[in-house]
Amino acid sequence: MLVCYLTDEPGKIPAIRAALEPRHQVLARVLGQEPVFAPSGVLLVDADLRHAARVEEIKHVLHGLDTINEKLFVVHRHLHHLIAQAYALGATSVACSAKEAVTRLARVEATMRASNAGVECAPDRMADSSAAFTSMFSAVGAGQTINPADAETVTSQIIASINQYGLSGWLDNVRRYHEGTFQHCLLVTGIAVAFAVDIKFAAQDVKRLGMAATLHDIGKARIPLPILDKPGRLDPKEEEIMRQHPAIGYDLLKDILGISSETIDAVRHHHEYLDGSGYPDALTASQIPDIVRLLTISDIFAALIEARPYRLPMSRENAYKILCDMGGKLEQALVREFRRLALTA
Ligand SMILES: [Fe+2]
Ligand SMILES: [Fe+2]
């Protein structure tokens, strides 16, 4: 079930994610920051209703979300006038804590299933890809190993989706229904696959690049959620922890039969730059194979155009300009090849 979570405190987002994912997909937004939600799923509002300005902001967000039937508000101080305020804003039910809201959501989901009146969903194949990503990440997060067949299934589904929707349709769907690490992985894989198709790679080479993209950030499954989902810039210590994810991903994959050494190498080296300024091994051009160069371009472009709770996505034009401005860090001949896809596909 898609849960649109609206709060006035960014610090609450990691906890609600931890409580709801992977059972539900969570789209989190901070009040007063665009973009707001697509009109689908269940709305969960957790904000201080004692402030008139907050109430006005909630009204603004709810305007246009009439198609969302379930609007659950958390009113921490279970005071009558705040409960009345929640219902006046359009709440369909009120919980006195985030914990109670989580329990209520489970009931809402059961009711929806029973009445066969499920929420609007992403297209089937995309929902499958997302579910497979979620299960891969949660398996790794829980200390289990990756099943290479799962990664191959996701990759094949994304290749099929790109063929079906084209890159623009795919980007729109992913950004509407997903966020955070899953959105990023879906975007990178879709962009890498579309790039490979655009430059006329053979089918098996599209799949090779797709597999590397699917798994490239798997190490993030072991990065603590408060850092991974921090709604703002990381401080230097957090940045240092985050920069461990390529090596963690490499360690997670290196002994798994059925994952090629090329994919494992791409996972470790997708943050390397041709001029030696990347990490974790400060490789230089001659040590960086083509598949990694393609993946790095796709990864950076995806990160720039992602929707984040705290900033608007960058336009594809501006994102492409940044790739060009990175000069000798990236293979500029490939960046020029990427132009057609970045700007027009
Ligand atoms: Fe990464
Ligand atoms: Fe990435």
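When helices and strands are tallied, the protein shows 15 helices and five strands. In summary, the protein has a C-alpha radius of gyration of 21 Å against a globular reference of 20 Å for 345 residues, a match within 12%. Judged by the C-alpha coordinates and their principal axes, the protein covers about 70 × 40 × 40 Å. Here the protein holds 345 residues, and 50% of them are scored as buried. Summarising the internal contacts of the protein: among those between residues at least 6 apart in sequence, 64% fall at separations of at least 24. In the form shown here, the protein has an accessible surface area of approximately 15300 Å², with 53% of it arising from carbon and sulfur atoms. In the protein, the 36 positive side-chain charges and the 41 negative ones have mean positions that sit 3 Å from each other.

This part takes up the coordination of the iron ion (ligand 2). Donor atoms from the polypeptide that coordinate the iron ion (ligand 2) comprise H184 (NE2), H216 (NE2), D217 (OD) and D299 (OD), at 2.1 to 2.3 Å from the metal. Viewed at the metal, the four donor atoms of the iron ion (ligand 2) are separated by angles of 82 to 167 degrees, and the geometry they form is irregular. When the donor residues of the iron ion (ligand 2) are listed from N- to C-terminus, their spacing reads H-x31-H-D-x81-D. Between the iron ion (ligand 2) and the iron ion (ligand 1), the interatomic distance is 3.3 Å, and D217 donates to each metal, bridging them. With H184 in helix α7 (residues 180-198) and H216 in the loop between α8 (203-215) and α9 (225-228), this pair connects stretches of sequence that are 32 residues apart.

Below, the discussion takes up the packing of helix α14 (residues 316-325) against helix α15 (residues 332-344). Packing of α14 against α15 leaves a shortest axis separation of 10 Å and a crossing angle of 180 degrees. With respect to their mutual orientation, α14 and α15 come out roughly antiparallel. Contacts between α14 and α15 involve R316, E317, Y320, L323 and C324 from the first element and Q332, V335, R336, F338, R339, L341, A342, L343 and T344 from the second.

Attention shifts here to the side chain of T7. Mapped onto the secondary structure, T7 falls in strand β1 (residues 2-7). A relative accessible area of 0% means that T7 is categorised as buried. A polar side-chain atom of T7 sits 3.1 Å from the main-chain amide nitrogen of E9. When near neighbours in sequence (up to four residues on either side) are disregarded, T7 contacts K12, I13, R29, V30, L31 and D46.

Before going further, it helps to spend a moment on the nonpolar core. Ranked by size, the top nonpolar core spans 71 residues in total, and within it F133, L215, L253, F301, L323 and F338 carry the most contacts. Ranked by residues supplied to this core, first place goes to α7 with 11 residues. When sequence neighbours within four positions are dropped, the list of residues in contact with F338 reads I191, F195, I297, F301, Y320 and L323. In this structure, A47, V55, I68 and L89 belong to the second largest nonpolar core, which totals 23 residues.

The next subject is the coordination of the iron ion (ligand 1). Coordination sphere of the iron ion (ligand 1), protein contribution only: D217 (OD), H245 (NE2), H270 (NE2) and H271 (NE2), at 2.1 to 2.3 Å. The site at the iron ion (ligand 1) holds four donor atoms, and with the angles between them running 83 to 170 degrees, its shape is irregular. Spacing between the donor residues of the iron ion (ligand 1) along their common chain follows D-x27-H-x24-H-H.

Time to look at the packing of aromatic side chains. Enumeration over the complete set of coordinates arrives at two aromatic pairs. Here the aromatic cluster, defined as three or more aromatic residues joined through ring pairs, consists of F195, F301 and F338. For the cation-ring pair, R243 lies above Y279, with the distance from its terminal atom to the ring centre recorded as 4.0 Å. The ring of Y250 is capped by R268, whose NZ or CZ atom sits 4.8 Å from the centre of that ring.

Moving on, we come to the sheet that holds strand β3 (residues 42-46). Across the sheet, which stays open at both edges, the five strands sit in the order β2-β1-β3-β4-β5 with parallel pairing between neighbours. Whereas interior strands pair on both sides, the edge strands pair on one side only; in this sheet they are β2 (25-30) and β5 (93-95). Taking the axes of each pair of neighbouring strands and ignoring which way they run, one obtains an average angle of 20 degrees across the sheet. Two strands pair when backbone bridges link them, and β3 and strand β4 (residues 71-74) are joined in this way by three bridges, in the parallel orientation. Each bridged residue has a counterpart across the sheet, and for L44 the counterpart in β4 is L72. Seen against the sheet, helix α1 (residues 13-20) touches β1, β2 and β3 and runs at an angle of roughly 165 degrees to β2.

Okay, the confidence of the model for the protein next. In regions of low pLDDT, the predicted coordinates are not meant to be interpreted in detail. A residue-level look at the protein finds 90% of positions with pLDDT of 70 or above and a mean pLDDT of 86. Per-residue pLDDT, averaged within each element of the protein, yields its smallest value for helix α5 (residues 124-141) (73) and its largest for helix α12 (residues 261-269) (97). Between residues 116-122, whose pLDDT stays under 50, and residues either more than four places distant or in other chains, the model counts 11 contacts.

Cut-off values and rules
Residues numbered from 1 in each chain as written. Chains lettered and ligands numbered in written order. Predicted model: local features only at pLDDT ≥ 70, side-chain atom pairs only at ≥ 80, totals over all residues. Heavy atoms only, no water. Helix = DSSP H or I, 4+ residues; strand = E, 2+ residues; numbered from the N terminus. Rg over C-alpha atoms; globule rule 2.2 N^0.38 Å. Buried < 20%, exposed > 50% of the residue type's maximum accessible area, 1.4 Å probe, protein only. Contact = heavy atoms within 4.5 Å. Areas by Shrake-Rupley, 256 points an atom, 1.4 Å probe, with all protein chains shown as cover. Lys, Arg positive; Asp, Glu negative; His and termini not counted. Charge placed at Lys NZ, Arg CZ, Asp CG, Glu CD. Donors = N, O, S within 2.8 Å, 3.2 Å for Na, K, Ca; no water. Tetrahedral: all angles 85-135°; square planar, octahedral: opposite > 155°, others 65-115°. Axes fitted to C-alpha atoms, helices over the stretch in contact; angles between N-to-C directions. Parallel < 35°, antiparallel > 145°, perpendicular 65-115°, else oblique. Polar contact = N/O pair within 3.5 Å; in protein donor to acceptor, adjacent residues only side chain to side chain. Core = buried A, V, L, I, M, F, W, Y, C linked by side-chain atoms within 4.5 Å. Phe/Tyr/Trp six-rings, centres within 6.5 Å; stacked < 30°, edge-to-face > 60°. Lys NZ or Arg CZ within 6 Å of the ring centre and 35° of its normal. Pairing = 2+ DSSP bridges. pLDDT = per-residue confidence, 0-100.

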